[in-house]
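Report on the structure
Next come the chains, spelled out residue by residue.
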Amino acid sequence: MAKLSNAELIRMLQAAAKDEHAAIIQYLRHAYLMGEGELACEIEGIAREEMRHFWMLSRWIVKLGGEPTITRGFTDLDGVTVPDWMRRDVAAEDRAIAMYTNYLTKIEDPDLRADIEHILADEERHNGDFTHFVEKAEAELLAEAGSEEEMAEIIAAIDEEALNWGVGHEYAALLQYLMHSFKLHQTDEEVSSQLEMQAINEMQHFGWFGEGLADHGKEMPLEHHGVTLPAKMREMLEADVQLEQETSAMYAEYLTRMENEELKGVVDDARGQELYHESLFSRLLKRADDLAEKEASETPKPSRPSWTIGTLKKGE
Ligand SMILES: [Fe+2]
Ligand SMILES: [Fe+2]
Ligand SMILES: [Fe+2]
Ligand SMILES: [Fe+2]
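Residues numbered from 1 in each chain as written. Chains lettered and ligands numbered in written order. Predicted model: local features only at pLDDT ≥ 70, side-chain atom pairs only at ≥ 80, totals over all residues. Heavy atoms only, no water.

**What to know about the coordination of the iron ion (ligand 4)**
Summarising the metal site, the iron ion (ligand 4) is bound by the protein donors E202 (OE), E244 (OE), E244 (OE), E274 (OE) and H277 (ND1), whose distances to it range over 2.0 to 2.5 Å. Each donor residue of the iron ion (ligand 4) belongs to the same chain, and together they define the spacing E-x41-E-x29-E-x2-H. In this structure, the iron ion (ligand 4) is positioned 3.7 Å from the iron ion (ligand 3), and both are ligated by E202. Here E274 and its partner H277 are both found in helix α8 (residues 261-298), three residues apart, which amounts to about one turn of the helix. The pair formed by E274 and H277 is uniform in burial state, with each residue classed as buried. (Donors = N, O, S within 2.8 Å, 3.2 Å for Na, K, Ca; no water. Helix = DSSP H or I, 4+ residues; strand = E, 2+ residues; numbered from the N terminus. Buried < 20%, exposed > 50% of the residue type's maximum accessible area, 1.4 Å probe, protein only.)

Take a look at the structure:
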């Protein structure tokens, strides 16, 4: 095996992280377009596993001194029927399997190899799952043929605007908290894991809004709002508090103008959880300040000698 340089290794892991990000979005989009049902739930479960892969890779990137990335790799948005989508998901897994198999011929670090092997085993299982879903979806499509196609309910322009804004925002929040979580993994375990948990919560909101749009025959936008990625923990938490404040204010404003009661309920539920996020991040910010203060007071000032007249006298 030719030895990989650190920079090459980071580049490989970044490429893999971009593809995992693409898989999350591709699979979630398919699940939301399908609406409620057993198959959609299983696909959402697979998307969550891709998020775990994204995580593991990003943490390695940070550990090796690289920058985690929020760039999304190739996302297959084609296909019209459920079997079409499932075949495209099989193809995405084929690409992932080929990439990780190739990586294992190059990577030597035993810990990293173990993680890649673990990811590869997941992708092989996903490949089998999606292959099975193609058959299942084809059978369902045949059974449905001839039955009346359900007409999607008309959606008011303001409701569509609110959900679109929500999807773009939740996607950004999800990425921002994940990135902050990766970067703080070695600095502050507690803050890192809290951010990770809230990122999963934002992914749920992303799902609620995406499904709300799909139920009304609308595609969800796949572009996210801006993401703030400062270097220091304090600045990250400040940006996170600010993002939550802006979001709950925006949702509250939309709620005064929205029309569909059911969709309003969804936005209101998200708003309630954003208020919780804001209070949680504010608490973490205060905790970080308290810890910094405590540390500053406990560290002896190096310029002061370690003995004083008093201690000399006591020693006499
Ligand atoms: Fe994956
Ligand atoms: Fe996968
Ligand atoms: Fe949210
Ligand atoms: Fe939030």
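That shown, we press on.
**Focus: the coordination of the iron ion (ligand 2)**
Distances from the iron ion (ligand 2) to its protein donors, E50 (OE), E93 (OE), E93 (OE), E123 (OE) and H126 (ND1), fall within 2.0 to 2.5 Å. Between consecutive donors of the iron ion (ligand 2), the numbers of intervening residues give the motif E-x42-E-x29-E-x2-H. Between the iron ion (ligand 2) and the iron ion (ligand 1) the interatomic distance comes to 3.8 Å, and E50 is a ligand of both metals. Of this pair, E50 sits in helix α2 (residues 38-63) while H126 sits in helix α4 (residues 110-144), and the two are 76 residues apart along the sequence.

**Some thoughts on the pattern of salt bridges**
A side chain of one charge can pair with a side chain of the opposite charge when the charged atoms of the two come close. Evaluated as defined, the whole model comprises 20 salt bridges. Of the charged contacts, one joins E160 and K218 as a salt bridge, the two residues approaching to 3.8 Å between their closest N and O atoms. Separated by 58 residues along the polypeptide, E160 in helix α5 (residues 157-184) and K218 in the loop between α6 (189-215) and α7 (233-257) bring together distant segments of the chain. Residue E160 is classed as partly exposed on the basis of its relative accessible area of 22%. Connected via shared salt-bridge partners are E49, R52, D122 and R125. (Salt bridge = Lys/Arg side-chain N within 4 Å of Asp/Glu carboxyl O.)

**Some points on the environment of E223**
Within the fold, E223 resides in the loop between α6 and α7. Spatially, the C-alpha atoms of E223 and Y171 are 7.9 Å apart, while their sequence positions differ by 52 residues. Not counting chain neighbours up to four residues away, the residues in contact with E223 comprise R72, G168 and Y171. (Contact = heavy atoms within 4.5 Å.)

**Re α8**
Each α-helix turn comprises 3.6 residues. Residues three or four places apart therefore point the same way. The terminal C-alpha atoms of α8 lie 55 Å apart, and with 38 residues this matches the ideal 56 Å at 1.5 Å per residue to within 8%. What α8 keeps buried is the set L263, V267, A270, E274, H277, E278, L280, F281, L284, L285 and A288. Buried residues along α8 sit against α5, α6 and α7. Two or three places before E262, at the start of α8, stands the capping residue N260, its side-chain oxygen 2.8 Å from that residue's backbone nitrogen. (Expected span 1.5 Å × (residues − 1). Polar contact = N/O pair within 3.5 Å; in protein donor to acceptor, adjacent residues only side chain to side chain.)

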